[in-house]
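Chain and residue survey
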Amino acid sequence: MNSRKHFGKIEVYHDKNALTRAAAERIIELLNQRLREKERATLVLTGGKTPEPVYRLLALSLNLEPIDWSRVHFFWGDERCVHPESRDSNFGMAWHSLISKLHVPSGHIHRMIGEMPDAETAASLYETEIRSVLPGTGIPSFDLVLLGMGEDGHVASLFPGTHLEEERLVMASQVPATGAKRISMTPRLLNESRNLIFIVAGSSKAKALAEVLEGNRDLPAAMICPVRDNLIWMTDQSAASLISGFAGSAGIPGDVA
Ligand code: 6PG
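Residues numbered from 1 in each chain as written. Predicted model: local features only at pLDDT ≥ 70, side-chain atom pairs only at ≥ 80, totals over all residues. Heavy atoms only, no water.

Glancing now at the overall build of the protein. Helix and strand counts for the protein come out as seven helices and 10 strands. Radius of gyration (C-alpha) of the protein: 17 Å, near the 18 Å computed for a compact globule of 257 residues. Considered along the principal axes of its C-alpha atoms, the protein spans approximately 45 × 45 × 35 Å. Expressed as a percentage of the 257 residues in the protein, the buried residues total 54%. Contacts in the protein between residues far apart in sequence, at least 24 positions, make up 77% of those at least 6 positions apart. On the protein, the mean spot of the 27 positive side-chain charges and the mean spot of the 31 negative ones are 2 Å from each other. (Helix = DSSP H or I, 4+ residues; strand = E, 2+ residues; numbered from the N terminus. Rg over C-alpha atoms; globule rule 2.2 N^0.38 Å. Buried < 20%, exposed > 50% of the residue type's maximum accessible area, 1.4 Å probe, protein only. Contact = heavy atoms within 4.5 Å. Lys, Arg positive; Asp, Glu negative; His and termini not counted. Charge placed at Lys NZ, Arg CZ, Asp CG, Glu CD.)

Okay, structure coming up:
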């Protein structure tokens, strides 16, 4: 019986630059893999600061494999309840760093309506939109989901102590420290995805990352256990520095203990 504490394969890169390039290459690799099989691919973007250089590199496509972005549908794993032009908007960050530079039909951009007065309504509408793009009776399955992790082990906008609405695919939440409203996909939806990549960098994440990989389910990121067991933790050495038993050699993939 595999006593593995947590799902996932971890890859450790020398520094944030190496991690950024590796993440951009992996995203294109997985999307192109899907586009060889299907007419379209579905991609869920994460917010925060870590992915921004990855998005910029994808937009520049410097020494990256070509990809037909017009066949990719873009979703968001979470959003702040702000206007899309707000500096806090996850959509706004992805639009300015990546999507505005690509040829993506507007119908392929599925934005969470963060500016809607009621986050619950916005969450329900987004669930409906997801099901309209990914129809079927079961839980929709995205081709690729990108995730970040907060220093407190939060994922998307699911924070330690967030009351998880188990049956929901998208829910309203809030930042514990500020009460700021959020909209977030739930583990129930995220775990159905074909591929999930966490991109985690910096020593400030080391403690939470080690705890999550030890299976501490008080940390929401530990609830990401995809049904297809196809989770990759892409980190730099600073973030991976407290993972027990990890040699920490740059770029050496290995199963998490
Ligand atoms: C958000 C993100 C969030 C993010 C983590 C890590 O809306 O902020 O979706 O879950 O991934 O907070 O953020 P950094 O990459 O900025 O550390």
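The structure having been displayed, the exposition proceeds.
What follows is about the side chain of Thr235. Position of Thr235 relative to the elements: it lies in strand β9 (residues 231-236). The class for Thr235 is buried, based on a relative accessible area of 0%. The contacts of Thr235, once residues within four sequence positions are left out, are Ile10, Glu11, Val12, Tyr13, Leu19, Val200, Leu209 and Ala240.

Pairing is antiparallel in the open sheet, where three strands are placed in the order β4-β7-β6. The sheet is open, and its two edges are formed by β4 (78-80) and β6 (170-174), each paired on a single side. Pairwise comparison of adjacent strand axes, ignoring direction, gives a mean angle of 20° for this sheet. Here β6 pairs with strand β7 (residues 181-185) via five bridges, running antiparallel. Within β7, the position partnered with Val170 by the bridge is Met185. (Pairing = 2+ DSSP bridges. Axes fitted to C-alpha atoms, helices over the stretch in contact; angles between N-to-C directions.)

What follows covers the site of the ligand. In the region of the ligand, 15 residues are neighbours, and Thr50, Asp78, His154, Ala156 and Lys205 sit closest. One of the side-chain N or O atoms of Thr50 is found 2.6 Å from an oxygen atom in the ligand. In this structure, Asn90 approaches the ligand through a side-chain N or O atom, which is 2.9 Å from an oxygen atom. Expressed as a share of its isolated accessible area of 410 Å², the protein-covered part of the ligand is 89%. For the shell around the ligand, the residue count by class is two nonpolar, eight polar and five charged. (Near = heavy atom within 4 Å. Polar contact = N/O pair within 3.5 Å; in protein donor to acceptor, adjacent residues only side chain to side chain. Areas by Shrake-Rupley, 256 points an atom, 1.4 Å probe, with all protein chains shown as cover. Nonpolar A, V, L, I, M, F, W, Y, C, P; charged D, E, K, R; others polar.)

Below, the discussion takes up the pairing of β6. When you tally the buried positions in β6, you get four out of five residues, the bulk of the element. Remark: six residues form the turn of the hairpin made by β6 and β7, two consecutive strands paired antiparallel; Gly179 in that turn has positive phi of roughly 80°.

A few words on unusual backbone geometry. Positive phi outside glycine occurs at Ser61, with the angle close to 45°. Here Ser61 is to be found in the loop between α2 (52-60) and β3 (72-76).

The subject of this paragraph is helix α6 (residues 206-213). With six of eight residues buried, α6 lies mostly within the body of the structure. Considered for burial, the residues of α6 that qualify are Ala206, Ala208, Leu209, Ala210, Val212 and Leu213. Those residues of α6 that are buried lie in contact with β1 (9-13), β9 and α7 (237-240). Looking at the residues trailing α6, positive phi occurs at Gly215, about 90°.

Take Lys16: it is sitting in helix α1 (residues 16-35). Among the residues examined, Lys16 registers a relative accessible area of 35% and is labelled partly exposed. Remark: the alpha-carbon pair of Lys16 and Phe198, spanning 182 residues in sequence, is separated by 14 Å. Sequence-distant contacts of Lys16, that is, excluding residues within four places in its chain, are made with Lys49, Thr50, Pro53, Ala201 and Asp236.

It is worth spelling out the environment of His110 at this point. Positionally, His110 belongs in the loop between α3 (90-97) and α4 (119-133). Taking the relative accessible area as the measure of exposure, His110 reaches 3% and is therefore buried. Sequence separation between His110 and Gln237 is 127 residues, and the spatial gap between their C-alpha atoms is 34 Å. For His110, the contacting residues outside a window of four places in its chain are His73, Phe74, Phe75, Trp76, Tyr126, Glu129 and Val133. Side-chain polar atoms of His110 contact the backbone oxygen of Gly107, separated by 3.5 Å.

Note that every value here comes from positions in space, so none of it alone points to a role or purpose.
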